[in-house]
6 protein chains.
Amino acid sequence: MPVVTVTRRLHFNAAHRVHNPALSDEENEHLFGKCNNPNWHGHNYILDVSVRGPVDDRTGYVLDLAALKRIAEERAVDRIDHKNFNLDVPFMRGVIPTSENIVVGIWRELEPAIRPGKLVKLVLWETPNNYVEYTGE
Amino acid sequence: MPVVTVTRRLHFNAAHRVHNPALSDEENEHLFGKCNNPNWHGHNYILDVSVRGPVDDRTGYVLDLAALKRIAEERAVDRIDHKNFNLDVPFMRGVIPTSENIVVGIWRELEPAIRPGKLVKLVLWETPNNYVEYTGE
Amino acid sequence: MPVVTVTRRLHFNAAHRVHNPALSDEENEHLFGKCNNPNWHGHNYILDVSVRGPVDDRTGYVLDLAALKRIAEERAVDRIDHKNFNLDVPFMRGVIPTSENIVVGIWRELEPAIRPGKLVKLVLWETPNNYVEYTGE
Amino acid sequence: MPVVTVTRRLHFNAAHRVHNPALSDEENEHLFGKCNNPNWHGHNYILDVSVRGPVDDRTGYVLDLAALKRIAEERAVDRIDHKNFNLDVPFMRGVIPTSENIVVGIWRELEPAIRPGKLVKLVLWETPNNYVEYTGE
Amino acid sequence: MPVVTVTRRLHFNAAHRVHNPALSDEENEHLFGKCNNPNWHGHNYILDVSVRGPVDDRTGYVLDLAALKRIAEERAVDRIDHKNFNLDVPFMRGVIPTSENIVVGIWRELEPAIRPGKLVKLVLWETPNNYVEYTGE
Amino acid sequence: MPVVTVTRRLHFNAAHRVHNPALSDEENEHLFGKCNNPNWHGHNYILDVSVRGPVDDRTGYVLDLAALKRIAEERAVDRIDHKNFNLDVPFMRGVIPTSENIVVGIWRELEPAIRPGKLVKLVLWETPNNYVEYTGE
């Protein structure tokens, strides 16, 4: 039975402020520049969810991508789409909402719920010129 | 002398809330749905600035696109990039920051400053699935 | 009141065969080549629906793009998505399902239903390298 | 001698029906939904063929991408472009034409023919929102 | 008979130097900056060729896009692909190879050869952030 | 502390000629075809620089992408943008400027300068249909 990785791409948009409340305003401004704007800014994020597993003979699927989409929406996308990462998202409480921390937060919400197959990678695009990848390490 | 339209694409990202302060919360929620989120959301906007004019024999240009970029940045993009359209942008005061109103606001800032050639179109993409065009009417 | 054109992009995929039943097999093969494959082939189509009108003071919208999406889905996209243009689509009966005829067929379904504003353009991409535009003429 | 992975992207479009003939119509409809449409539907597929090997001093290439393109066309793309995966493609006989099974089928056709270097990955995009990867396992 | 605009997208890459030989080196450097590099630089150009006309009842086409592609390749793309606009292209002799002059040059080569239908627009992308349009004026 | 890979995408354009001076003109023409054009040709290159490391608690970053961009520009992009790979680029002297050799050359310039985190991958797109990857082996 061949083992294949399948990916579903999802889209959402959100506001955030890159800010560490433990630091002074000067340090925040120095570290984060315009991403520290007190009145927020935002992005159209792209999220690629990749699951790896054997191809099921009966369906020809690793897993049903429509089911994967539903899981990703219920556990992550619907809770962050058109939201503010600093104020509205319980699973981001206490961490700075950089792409790095967002992708780790989404992984923790999704990983236990995905089967058959195993979540092997998340890619999160913040702008057309930068993205992050997380594989659970 | 042939007449050509040249376009410079620019990128920025910003937060906004689609909200009409003259209406009740219920009306706002009914009209704007998740775009009315009180804690904002945001987008990676794409702006195409199109200028039309005769091709200059000496340069082969309608106008220097590096100069056009500078004008667009000074008059518009630097004032809205990593900002909040409801709170941070003087030229958007008193209007609901929909794409329609943003593109008209940018036109009014840019139009008087562009020459040689004439600003003939602005296109503003808010998400990969929707955009607006304005030609000054 | 400024007049703006707003566009909603929609996606669907479908099968078709470019074939004129009034012609012989040889003529069809000669005219349409591999697009005449008797067992069909298919595409991921992209449809851009553009509506032009004054910006409403109360909403900042020409029209609500969520409402435009619903109209476009009910009247066109849901009837052609994952379908066969030659066999499954009532509004394409009796015409060869080229992109030209598809875009005109979609226009006729959408145009009477769109308001406020006026449908001014449809763009239909068949592949990443070809698209057609129709403005109602 | 550095070892580099080189990729050639190819495009094709095809029709298919996601259907398991060993199951009832109800089970097929339940498992595959609109992808089970009896009259087919189709896609513009994108195929990325990745080959890894040392860089040849004489050419600066891992392998000539024009030669790789010819192999990929002769062994795979020309046999599936503008075709029906269920009816027209010998190497897909007896398997459900999901992206998972298509990518494995293409691998088996290409892998023995590619040299110098070694085929290390195929990526197949079915729509702009989903793709599969196969590395030969 | 509806009137539709159909577009074929083509790709080529080429080298050029934006340079006016009638001016001094200082003036060229001042006007054109890094685009004046004496040893050339280059681009992956994208060319969209748009033809407008009535839809032919017999074919469902305005014109056969495969034929349009052949005309565009013979008259323009094959003569500029992997070439130097300043040195290798007869129809660009005596003009500065800016996008503006290139698009006008291509128009003059293509316009007399395209029928049925009428060439109505060329769009030439030089980079992902700038493009020019010409409609024959 | 989770370990994440972050990527910054950069753009540049350049001219080159794929040519091995140790070989005859006939051999060069046979090996490299139109890419051997004596008067050069060029591309809009896309470069993805990927760095892997633990997420810093204080910043939420693996490393500051603005700093990564500066390093990539100073050490590579500014030295190749609007340049000729055969004539203008010291770190490419003595090698054929294929994408394979370019990506290895860029790696050698960047790798020692990047920290915190470790450079783990470079991807270089030469055209929309081919790219190369290097991981330092």
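Read on for an overview of the structure.

Here's the deal with the overall build of chain A
Then step 1. Along its length, chain A carries 3 helices and 5 strands.
Then step 2. Traced from its N-terminal end to its C-terminal end, chain A shows the element sequence β-α-β-α-β-α-β-β.
Then step 3. Seen through its principal axes, chain A has C-alpha atoms that stretch 60 × 25 × 25 Å.
Then step 4. When the 137 residues of chain A are sorted by exposure, 60% land in the buried category.
Then step 5. For chain A, the accessible surface area stands at approximately 5600 Å², while carbon and sulfur atoms represent 48% of it.
Then step 6. Side-chain charges in chain A split into 16 positive and 19 negative, and the spacing between the mean points of these groups amounts to 6 Å.

Side note on the layout of surface pockets
All names here are of chain F.
Then step 1. In this structure, the second largest pocket spans a volume of roughly 540 Å³.
Then step 2. Forming the walls of the second largest pocket are 29 residues, and the residues nearest its centre are Met-92, Arg-93, Gly-94, Val-95 and Ile-96.
Then step 3. A per-class count over the lining of the second largest pocket returns 15 nonpolar, 7 polar and 7 charged.

Observations regarding the relation of the copies chain F and chain E
One copy of the chain maps onto the other through a rotation about an axis plus a displacement along that axis.
Then step 1. The transformation that overlays chain F on chain E combines an axial shift of 0.0 Å with a rotation of 180 degrees, and the residual RMSD is 0.0 Å. Here the transformation between the copies is reduced to the relation of a two-fold axis.
Then step 2. Interface overlap between copies is the fraction of interface residues in one copy that are interface residues in the other; for chain F against chain E it reaches 100%, indicating a shared surface.

Topic: the pairing of strand β1 (residues 3–16) of chain D
One face of the sheet, then the other: side chains in a regular strand alternate in exactly this way.
All names here are of chain D.
Then step 1. Judged by how many residues are buried, β1 sits mostly within the fold: 12 of 14 residues are covered.
Then step 2. One ladder, built from 14 bridges, connects β1 with strand β2 (residues 41–54); its direction is antiparallel. Pairing of Ala-15 across the sheet is with Gly-42, part of β2.
Then step 3. By the bridge criterion, 2 bridges tie β1 to strand β3 (residues 83–84) in an arrangement that is parallel. By the bridge assignment for β3, Ala-14 is matched with Lys-83.

Topic: the interface of chain A and chain B
Then step 1. Taken residue by residue, the interface counts 21 residues in chain A and 21 residues in chain B.
Then step 2. Together chain A and chain B conceal approximately 1700 Å² of surface at their shared face, both sides included; 48% is due to carbon and sulfur atoms.
Then step 3. Of all residues in chain A, the largest losses of buried area upon contact with chain B belong to Asn-39, Asn-44 and His-82 of chain A, amounting jointly to 35% of the total for that side.
Then step 4. At the surface where chain A touches chain B, the tally comes to 2 salt bridges.
Then step 5. As a salt-bridge pair, Asp-81 of chain B and Lys-34 of chain A come within 2.9 Å of each other at their nearest N and O atoms.

Some remarks on the interface of chain F and chain E
Then step 1. Facing the 21 residues of chain F at the interface are 21 residues of chain E.
Then step 2. Of the roughly 1700 Å² buried where chain F meets chain E, counting both sides, 49% is carbon and sulfur surface.
Then step 3. It is Asn-39, Asn-44 and His-82 of chain F in chain F that bury the most area against chain E; as a group they hold 35% of the surface buried on that side.
Then step 4. Across the chain F-chain E interface, the total number found is 2 salt bridges.
Then step 5. Our enumeration of links across chain F and chain E arrives at 17 residue pairs in polar contact (both at pLDDT 80 or more).
Then step 6. The element contributing the most residues to the side of chain F that touches chain E is strand β2 (residues 41–54) of chain F, with 4 residues.
Then step 7. Residue classes in the side of chain F that touches chain E are distributed as 6 nonpolar, 10 polar and 5 charged.

Describing the arrangement of the chains
Then step 1. Separating chain B from chain D is a minimum C-alpha gap of 12 Å, and the two share no contact.
Then step 2. Regarding chain B and chain F, which are not in contact, the minimum distance between any of their C-alpha atoms is 14 Å.

Details of the pattern of salt bridges
Proximity of charged atoms lets side chains of opposite charge pair with each other.
All names here are of chain D.
Then step 1. The full count for this structure, using the stated rule, is 42 salt bridges over all chains.
Then step 2. Two residues, Asp-48 and Arg-9, come together in a salt bridge whose shortest N-O distance is 2.8 Å. Residue Asp-48 is located in strand β2, and its partner Arg-9 is located in strand β1; the two are separated by 39 residues in the primary sequence.
Then step 3. For Arg-9, a relative accessible area of 18% gives the class buried.

Side note on the relation of the copies chain A and chain B
Then step 1. Expressed as a screw transformation, the operator carrying chain A onto chain B has a rotation angle of 180 degrees and an axial translation of 0.0 Å, and the superposed copies differ by an RMSD of 0.0 Å.
Then step 2. Taken together, the interface assignments show that 100% of the residues at the interface of chain A recur at the interface of chain B, consistent with an identical surface on both copies.

Details of the pairing of strand β1 (residues 3–16) of chain F
Then step 1. Inspection of the sheet shows strand β5 (residues 130–134) of chain A paired to β1 of chain F by 4 bridges, in the antiparallel sense. Residue pairing for β1 of chain F: Asn-130 of chain A is matched across the bridge by Arg-8 of chain F.

Conventions we followed
- Residues numbered from 1 in each chain as written.
- Chains lettered and ligands numbered in written order.
- Predicted model: local features only at pLDDT ≥ 70, side-chain atom pairs only at ≥ 80, totals over all residues.
- Heavy atoms only, no water.
- Helix = DSSP H or I, 4+ residues; strand = E, 2+ residues; numbered from the N terminus.
- Buried < 20%, exposed > 50% of the residue type's maximum accessible area, 1.4 Å probe, protein only.
- Areas by Shrake-Rupley, 256 points an atom, 1.4 Å probe, with all protein chains shown as cover.
- Lys, Arg positive; Asp, Glu negative; His and termini not counted.
- Charge placed at Lys NZ, Arg CZ, Asp CG, Glu CD.
- 1 Å grid on protein atoms, 1.4 Å probe; cavity = no way out; pocket = protein on both sides within 12 Å on 5 of 7 lines; lining within 4 Å.
- Points joined across faces, edges and corners; volume = space filled by probe spheres on them.
- Nonpolar A, V, L, I, M, F, W, Y, C, P; charged D, E, K, R; others polar.
- Least-squares fit on C-alpha atoms with pLDDT ≥ 70 in both.
- Contact = heavy atoms within 4.5 Å.
- Pairing = 2+ DSSP bridges.
- Buried area = accessible area lost by both parts, 1.4 Å probe.
- Salt bridge = Lys/Arg side-chain N within 4 Å of Asp/Glu carboxyl O.
- Polar contact = N/O pair within 3.5 Å; in protein donor to acceptor, adjacent residues only side chain to side chain.

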